[in-house]
Amino acid sequence: MNASKQPAPALLTRFLRARLAPDHPLGLPLTTGLLALTACTLLFALVSYEVHTHGAVTRLDQSLADWFNRHAFPPLTQILLGYTHLHGTIGVLVMGALLLRHMLRARQWPWVIDLLLVLPGGMLLNVALKHVFARLRPHFDDPILVLHSYSFPSGHTIGATLLYATLAAYLLNLPGRSPVRGGKRIAIIVGAVLLVVLTGFSRIYLGAHFFSDVVGAALLGMAWFALWTTVVFTLQRHYCVRVHSN
């Protein structure tokens with residue numbers, strides 16, 4: 001039967017199966033990428049709206065900020081100061097450059113393109129959004145850190161999110177090797193999440209950011225990562241299919 005003459009339910013079923021096929025150029029990876037992009041973008045928009053309208057989340061922000069400022073523990077403060085400085089702009093870009101160097105030496109060109117789009121691009125987007133929202137940082141009578149730039153979204157958190165998301169995705173899909181599965185896969189994902197969470201926690205604990213600054217940055221980072229990783233590798237799969245078909 002000609003595809004154009006198939007009943008609508010059959011066409012819909014065929015379309016959905018193609019979207020869930022792991023080996024289809026426009027299949028499961030594209031579907032999951034678009035779902036991740038949509039979910040993270042919508043959640044970021046919700047957090048942004050709450051911040052812009054001074055909604056309920058901002059009251060939670062202030063309560064958490066005040067609690068951590070009152071209960072700061074000097075040894076923990078020193079540890080988190082070191083960790084948070086490691087994930088500043090320079091630290092993240094240096095770690096990103098080391099990862100880029102490895103990808104270049106391994107001739108993993110799609111990953112090179114992905115990293116260049118994801119990491120510096122996402123960090124620049126974050127700087128632009130800081131000036132759009134122009135949110136002031138937490139203020140305390142006895143601050144641990146005094147910063148004069150804008151607060152939302154957190155630059156340290158988005159940098160860590162972009163870096164560790166890309167690193168985790170790369171490790172899970174090392175070219176020329178079987179996909180990582182089982183306990184090792186879980187360890188890579190959990191490790192990346194914990195590094196991002198610790199970065200965000202350090203910013204809240206040190207009074208550099210509100211809770212919503214950190215959550216918003218993580219969501220923005222995941223949306224940006226999902227966007228470009230989906231675009232780059234969808235194009236790569238489409239190119240490979242065309243080459244093999246010829």
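These lines cover the structure that appears in this document, whether it is placed above or below. For every chain, the first residue of the written sequence is number 1, and numbering continues from 1 onward in sequence order. Owing to the predicted nature of the model, reporting of local features is limited to residues with pLDDT of at least 70; listing and counting of side-chain atom pairs is limited to 80 or more, with chain, interface and lining totals taken over all residues. Each side-chain value is worked out from all heavy atoms of the structure, with water and hydrogens disregarded.

Here the focus is the overall build of the protein. A count of helices and strands for the protein gives nine helices and zero strands. Counting from the N terminus, the helices are DSSP H or I runs at least four residues long and the strands are E runs at least two residues long. Secondary structure elements in the protein, listed N-terminal to C-terminal, are α-α-α-α-α-α-α-α-α. Counting over 246 residues, the protein shows a buried share of 41%. If you take every contact in the protein between residues at least 6 apart in sequence, the share linking residues at least 24 apart comes to 76%. Relative accessibility under 20% of the residue-type maximum defines a buried residue, over 50% an exposed one, and the middle range a partly exposed one, all with a 1.4 Å probe and only protein chains included. When checking whether two residues touch, look at their non-hydrogen atoms; a contact exists if any pair is within 4.5 Å.

With that settled, the discussion passes to the side chain of Arg 137. Looking at where Arg 137 falls in the secondary structure, it is placed in the loop between α6 (109–133) and α7 (155–172). His residues and chain termini do not enter the charge count, which takes Lys and Arg as positive and Asp and Glu as negative. By convention in these notes, a salt bridge is any Lys or Arg side-chain nitrogen within 4 Å of a carboxyl oxygen on Asp or Glu. Look at Arg 137: it is buried, it has no salt bridge, and the nearest opposite charge is Asp 213 at 6.3 Å. Among the polar contacts listed, one links the side chain of Arg 137 to the side chain of Ser 149, at a separation of 2.7 Å. If we skip the residues at most four places from it in the chain, Arg 137 touches Lys 130, Leu 147, Ser 149, Tyr 150, Ser 151, Arg 203, Ala 208, His 209 and Phe 210. Pairs of N or O atoms are called polar contacts if they sit within 3.5 Å, as long as, within protein, a hydrogen donor faces a hydrogen acceptor (for residues adjacent in sequence, only side-chain-to-side-chain pairs).

On to the pattern of salt bridges. One pass over the structure, following the stated rule, counts two salt bridges. Between Asp 61 and Arg 135 there is a salt bridge, with the nearest N and O atoms lying 2.8 Å from each other. Of this pair, Asp 61 sits in helix α3 (residues 56–70) while Arg 135 sits in the loop between α6 and α7; the two residues are 74 residues apart in sequence, bridging distant segments of the chain. According to the relative accessible area criterion, Arg 135 is buried, its value standing at 13%. For Asp 213, the salt bridge identified is with Arg 135, shortest N-O distance 2.7 Å.

On to the packing of helix α4 (residues 74–86) against helix α8 (residues 182–205), then. Close contact between α4 and α8 brings their axes to 9 Å; oriented N to C, the two are set at 120 degrees. Our classification of the angle between α4 and α8 gives oblique. Two packed elements cross with a definite hand, and for α4 against α8 that hand is left-handed. Mapping the contact onto sequence places Leu 76, Thr 77, Leu 80, Tyr 83 and Thr 84 in α4 and Leu 195, Leu 198, Thr 199, Phe 201, Ser 202, Arg 203 and Tyr 205 in α8. In this classification, the charged set is Asp, Glu, Lys and Arg, the nonpolar set is Ala, Val, Leu, Ile, Met, Phe, Trp, Tyr, Cys and Pro, and all remaining amino acids, among them Gly, are polar. When its residues are assigned to classes, the contact of α4 with α8 shows seven nonpolar, four polar and one charged. Only the contacting stretch of a helix is used when fitting its axis, a line to C-alpha atoms as for every element, and angles between N-to-C directions run 0 to 180 degrees. Working rule for angles: under 35 degrees goes down as roughly parallel, over 145 as roughly antiparallel, 65 to 115 as roughly perpendicular, anything else as oblique. Crossing handedness follows the turn of the near helix against the far one: under a right angle anticlockwise gives a left-handed crossing, and clockwise gives a right-handed one.

A few words now on the packing of aromatic side chains. Centres within 6.5 Å make a pair out of two Phe, Tyr or Trp rings, where for Trp the six-membered ring is used; the pair is then stacked when the planes are under 30 degrees apart, edge-to-face when over 60, and tilted otherwise. Across all of its chains, the model carries nine aromatic pairs by this definition. Where Phe 133 meets Phe 152, the ring centres are 4.8 Å apart and the plane angle is 80 degrees; that geometry is what we call edge-to-face. You can see Phe 133 sitting in helix α6 and its partner Phe 152 sitting in the loop between α6 and α7, a full 19 residues away along the chain. Taking the relative accessible area as the measure of exposure, Phe 152 reaches 0% and is therefore buried. One aromatic cluster in this structure is built from Trp 67, Phe 68, Phe 201 and Tyr 205.

Another aspect to go through is α6. Between its first and last C-alpha atoms α6 spans 36 Å; for 25 residues at 1.5 Å apiece the expected length is 36 Å, and the two agree. Note on bend: at a given residue it equals the angle between the axes fitted to the 7 residues ending there and to the 7 starting there. Taking the largest bend as the criterion, α6 deviates by roughly 25 degrees, centred on Gly 121. Burial in α6 covers these residues: Trp 111, Val 112, Asp 114, Leu 115, Val 118, Leu 119, Gly 122, Met 123, Asn 126, Leu 129 and Lys 130. Positioned one or two residues after α6, Ala 134 has a phi angle of 50 degrees, which is positive. Take the residue count of a helix, subtract one, and multiply by 1.5 Å to get its expected span.

Moving on, we come to the nonpolar core. By nonpolar core is meant a set of buried Ala, Val, Leu, Ile, Met, Phe, Trp, Tyr and Cys residues that side-chain atoms within 4.5 Å join together. In terms of nonpolar packing, the biggest core is built from 36 residues, with Phe 44, Met 103, Trp 111, Leu 115, Leu 119, Leu 162 and Tyr 164 touching the most fellow members. Considering every element that reaches this core, the biggest residue donor is α7, with 10 residues. Leave out the neighbours within four places in its chain, and Leu 119 touches Val 92, Gly 96, Gly 159, Leu 162 and Leu 163. Phe 68, Leu 81, Leu 206 and Ala 208 belong to the second largest nonpolar core, which has nine residues in total.

Limitation: the analysis is restricted to geometry and does not speak to function.
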